[in-house]
Amino acid sequence: MEEAKKTFLQYTKPYLPLGENIDLKIKHTFRVVSLCEAIAKKKNLSKEEIEIAKLCGILHDIARFEQYKRYQTFSDLNSIDHGDLGVKILKENNFIRKFIKDDSLDTLIFKTIKYHNKYQLPKNLTAQEKLFCNIVRDADKIDILYLYTIKDIKIDVENDIFSAEIIDQLKNESVINRATLKTKADRLAVSLGFLFDIAFKESMAILKEKDYLNKEIDIYMQEDINPKLKEQLEEIRTIIKNYIDRSL
Ligand SMILES: [Fe+2]
């Protein structure tokens, strides 16, 4: 793992002059590695499996640097799918071998990268592939929620409220369908809806302990936002609490 970390830092170094966003992605990667480790440990995986989970974490956003260099954005919608690009980068000149000598896990590792940013996992994964894909997806989501609590991600809700359709999706405990977003506040609901895509109760326990969703809501409650939005956020807070308690 130390060798993989070194290779990752070597690889990302030439991108550092592109600005602070590169550094933020490096830090995000290392927090995701820690979260992958924490989830894998809580799931009582073997030492070897914990190492695989950490390696998948270190590689999951490997394409972010090339994506930012080429397109100056992290928006896949406006550039390229960074899950797919990550696999391509690691296959080129067998770059993956610099991270792990043994090639028997390549298919598994590539799938965790390819699918970490997809709306849903495909149905045809093996149990092992599904396990590691979900560890990376959960870890990634938990860290994105953390970024909301430190205002690294901040939605300007202005004087908006959540649209009825979005509130219904949260009440139904479903992941927010981005195609249904209407108001500025609705964009905030996307992150809150991540909760319903958390795969493991071990991840849920971490999320509960860190209390990220309440902290995120608190930030908006302290602001001068539409009183109706405050009311909606309190309602959502209850939905979240009930869901987490039921999942544990
Ligand atoms: Fe990513």
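Above this text sits the structure in question.
Here the structure is a predicted model, which is why all the values come from computation and not from measurement. (Residues numbered from 1 in each chain as written. Predicted model: local features only at pLDDT ≥ 70, side-chain atom pairs only at ≥ 80, totals over all residues. Heavy atoms only, no water.)

### Concerning the overall build of the protein chain
Okay, so step 1: The helix and strand inventory of the protein chain stands at 12 helices and 0 strands.
Okay, so step 2: Along the protein chain, helices (α) and strands (β) appear in the sequence α-α-α-α-α-α-α-α-α-α-α-α when read from the amino end.
Okay, so step 3: Rg of the C-alpha trace for the protein chain: 19 Å, near the compact-globule value of 18 Å for 248 residues, within the 12% margin.
Okay, so step 4: C-alpha atoms of the protein chain, sized along the principal axes, occupy 55 × 40 × 30 Å.
Okay, so step 5: Every one of the 248 residues in the protein chain was classed for burial, and the buried ones make up 50%.
Okay, so step 6: Within the protein chain, residue pairs in contact and separated by at least 24 positions form 63% of the contacts whose partners lie at least 6 positions apart.
Okay, so step 7: Positive and negative charge centroids in the protein chain, built from 42 and 41 side chains respectively, lie 3 Å apart. (Helix = DSSP H or I, 4+ residues; strand = E, 2+ residues; numbered from the N terminus. Rg over C-alpha atoms; globule rule 2.2 N^0.38 Å. Buried < 20%, exposed > 50% of the residue type's maximum accessible area, 1.4 Å probe, protein only. Contact = heavy atoms within 4.5 Å. Lys, Arg positive; Asp, Glu negative; His and termini not counted. Charge placed at Lys NZ, Arg CZ, Asp CG, Glu CD.)

### What about the nonpolar core?
Soluble globular proteins tend to bury their nonpolar side chains together.
Okay, so step 1: Ranked by size, the top nonpolar core spans 79 residues in total, and within it I135, F162 and L233 carry the most contacts.
Okay, so step 2: When residues of this core are sorted by domain, at least three fall in each of domain 1 (1–153) and domain 2 (155–248).
Okay, so step 3: Beyond its immediate sequence surroundings of up to four residues, F162 is in contact with I167, T183, A185, D186, L188, A189, L192, L229, Q232, L233 and I236. (Core = buried A, V, L, I, M, F, W, Y, C linked by side-chain atoms within 4.5 Å. Domains from an automatic or database assignment.)

### Details of the coordination of the iron ion
Okay, so step 1: Bound to the iron ion are the protein donor atoms D61 (OD), H82 (NE2) and H116 (NE2), situated 2.0 to 2.3 Å from the metal.
Okay, so step 2: The exposure class of H82 is buried, given its relative accessible area of 4%. (Donors = N, O, S within 2.8 Å, 3.2 Å for Na, K, Ca; no water.)

### Focus on the side chain of E216
Okay, so step 1: Position of E216 among the secondary structure elements: in helix 11 (residues 212–221).
Okay, so step 2: Although E216 is buried, it makes no salt bridge; K154 carries the closest opposite charge, 9.6 Å away.
Okay, so step 3: Apart from residues lying up to four places away in sequence, E216 is in contact with L145, Y148, T149, L188, S191 and L192. (Salt bridge = Lys/Arg side-chain N within 4 Å of Asp/Glu carboxyl O.)

### Things to note about the layout of surface pockets
Okay, so step 1: By volume, the largest pocket is sized at about 1500 Å³.
Okay, so step 2: Lining the largest pocket are 36 residues, with R64, F74, I144, R178 and F194 sitting closest to its centre.
Okay, so step 3: Among the secondary structure elements, those contributing two or more residues to the lining of the largest pocket are helix 2 (20–42), helix 7 (127–149) and helix 9 (184–193).
Okay, so step 4: Among the residues forming the lining of the largest pocket, the class breakdown is 14 nonpolar, 7 polar and 15 charged.
Okay, so step 5: Counting contributing residues per domain, the lining of the largest pocket is built from domain 1 (1–153) and domain 2 (155–248), each supplying no fewer than three. (1 Å grid on protein atoms, 1.4 Å probe; cavity = no way out; pocket = protein on both sides within 12 Å on 5 of 7 lines; lining within 4 Å. Points joined across faces, edges and corners; volume = space filled by probe spheres on them. Nonpolar A, V, L, I, M, F, W, Y, C, P; charged D, E, K, R; others polar.)

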